[in-house]
Amino acid sequence: MFMQESYEINKRTLLLIPESEKITHIYEEEDEFIVPQTTFEIIDNSCKFFGSSYDGRFKGTKALVGYSYKSPIIIEDSNRIIFFPTTSPRLWDCSWIAFNNIKNYIKGDKTCELILKNNRRVTINMSYNSLENQILRASKLWCAIEKNSRIINN
């Protein structure tokens, strides 16, 4: 694992976990990185990289599915890259999970074990019910995007 100065989320990004208030551990399909940025900075900068901002994506989610707390965010439209937070996004200890890259998850005692697309297992500090709720919210956002895409393309 090595340090990178900055990072943009892409379709290989699996998970962002804060190591401290200013350091984030990034899991990709084949690599892991440490970045001297908060998870929120990485989310916001990645949204900007793809032509929006966290606030713009947040407003888009609210307009599409009505969520205004712990909202899933569309990072990039064409690849349907959707991330959701484990707590309030404004807290430094908020992890972000790539909805598209979850293979399965297992209930723990006040935690959950994620089984990611590459079969990597990572324990997160999130209750099973909260994780299921966030996956449901991200699924609804995915469906809303798909529905709108079909309307536009027909």
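Located above this text is the structure these notes cover.
Quick caveat, the model's predicted, so the values are computed rather than measured. (Residues numbered from 1 in each chain as written. Predicted model: local features only at pLDDT ≥ 70, side-chain atom pairs only at ≥ 80, totals over all residues. Heavy atoms only, no water.)

Chemist: Teacher, can you tell me more about the packing of aromatic side chains here?
Modeler: What the rule picks out here adds up to seven aromatic pairs. Here Tyr-54 and Trp-96 contribute two aromatic rings whose centre-to-centre distance is 6.4 Å and whose plane-to-plane angle is 80 degrees, an arrangement assigned as edge-to-face. Here Trp-96 lies in strand E7 (residues 96-98) and Tyr-54 lies in helix H2 (residues 54-65), a separation of 42 residues in the sequence. With respect to burial, Tyr-54 and Trp-96 carry one shared label: buried. An angle of 45 degrees between the planes, with centres 5.6 Å apart, marks the rings of Tyr-105 and Tyr-128 as tilted. Highlighted residues: Tyr-105 in strand E8 (residues 102-107) and Tyr-128 in helix H3 (residues 128-153), separated in sequence by 23 residues. (Phe/Tyr/Trp six-rings, centres within 6.5 Å; stacked < 30°, edge-to-face > 60°. Helix = DSSP H or I, 4+ residues; strand = E, 2+ residues; numbered from the N terminus. Buried < 20%, exposed > 50% of the residue type's maximum accessible area, 1.4 Å probe, protein only.)

Chemist: How should the nonpolar core be read in this particular structure?
Modeler: Note on soluble globular proteins: their nonpolar side chains tend to be buried together. Of all hydrophobic cores here, the largest spans 21 residues; its most connected members are Leu-15, Phe-84, Ile-97, Ile-124 and Leu-131. Sorting the residues of this core by element identifies strand E2 (13-20), strand E6 (81-85), strand E9 (112-116), strand E10 (121-124) and H3 as the ones contributing at least two each. It is H3 that contributes the most residues to this core, five residues altogether. Residue contacts for Ile-97: discarding those within four places in its chain leaves Leu-14, Leu-15, Ile-82, Phe-83, Phe-84, Thr-86, Ile-102, Leu-114, Ile-124 and Leu-131. (Core = buried A, V, L, I, M, F, W, Y, C linked by side-chain atoms within 4.5 Å. Contact = heavy atoms within 4.5 Å.)

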